[in-house]
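Summary of structural features
Listed below, chain by chain, are the residues.
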Amino acid sequence: MKNGARRVWRLRLYVAGQTPKSITALANLKRLCEDHLAGRYRIEVVDLLSQPHLARRDDIVVLPTLVRQLPQPIRKIIGDLSNKERVLVGLDVLPRDDQEE
């Protein structure tokens, strides 16, 4: 693992109840984290149906949305997280094409 072999990822997934998209996003996130960040991640799930005021904290307007809080900088990924490469690049686990040499 080139980027951040020792970093801990703190992730917050915003969902709206137990919708199919929310369930898929959480399952995809857990699978990606176990495969690529085993033992180096924390996931917090925020259900905006029960806590709508928390959407302001990270400027959430679309659900599901994943917010990478740590390592900095904060990054957001929108959707069910089914595009593995996009999610891993967004989390900075894999380098973007323009960063590879």
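The preceding data block contains the structure.
This report concerns the structure included in the present document. What you are looking at is a predicted structure, and each value in this text was computed from that prediction instead of being measured.

With 6 of its 7 residues buried, strand β1 (residues 9–15) lies for the most part within the structure. In this view, the connection linking β1 to its parallel neighbour strand β2 (residues 41–47) by way of helix α1 (residues 20–36) has right-handed handedness. Where β1 lies against strand β3 (residues 65–70), 5 bridges are found, and the strand directions are antiparallel. Paired with L13 across the bridge in β3 is L66.

Moving on to the nonpolar core. With 16 residues, the main nonpolar core has L11, L13, L29, L66, L81 and L91 as its most contacted residues. Those elements that provide at least two residues to this core are β1, α1 and α2 (84–90). Residues Y14, V46, L48 and I60 belong to the second largest nonpolar core, which totals 7 residues.

Let us look at the environment of I77. Mapped onto the elements, I77 comes out in strand β4 (residues 75–78). On the basis of relative accessible area, I77 is assigned to the buried category, the value being 5%. Separated by 12 residues in the primary sequence, I77 and T65 place their C-alpha atoms 5.7 Å from one another. Among residues more than four places away in sequence, those in contact with I77 are P64, T65, L66, R86, V87, G90 and L91.

Calculation notes
- Residues numbered from 1 in each chain as written.
- Predicted model: local features only at pLDDT ≥ 70, side-chain atom pairs only at ≥ 80, totals over all residues.
- Heavy atoms only, no water.
- Buried < 20%, exposed > 50% of the residue type's maximum accessible area, 1.4 Å probe, protein only.
- Helix = DSSP H or I, 4+ residues; strand = E, 2+ residues; numbered from the N terminus.
- Right-handed = clockwise from strand over helix to strand, strands pointing away.
- Pairing = 2+ DSSP bridges.
- Core = buried A, V, L, I, M, F, W, Y, C linked by side-chain atoms within 4.5 Å.
- Contact = heavy atoms within 4.5 Å.

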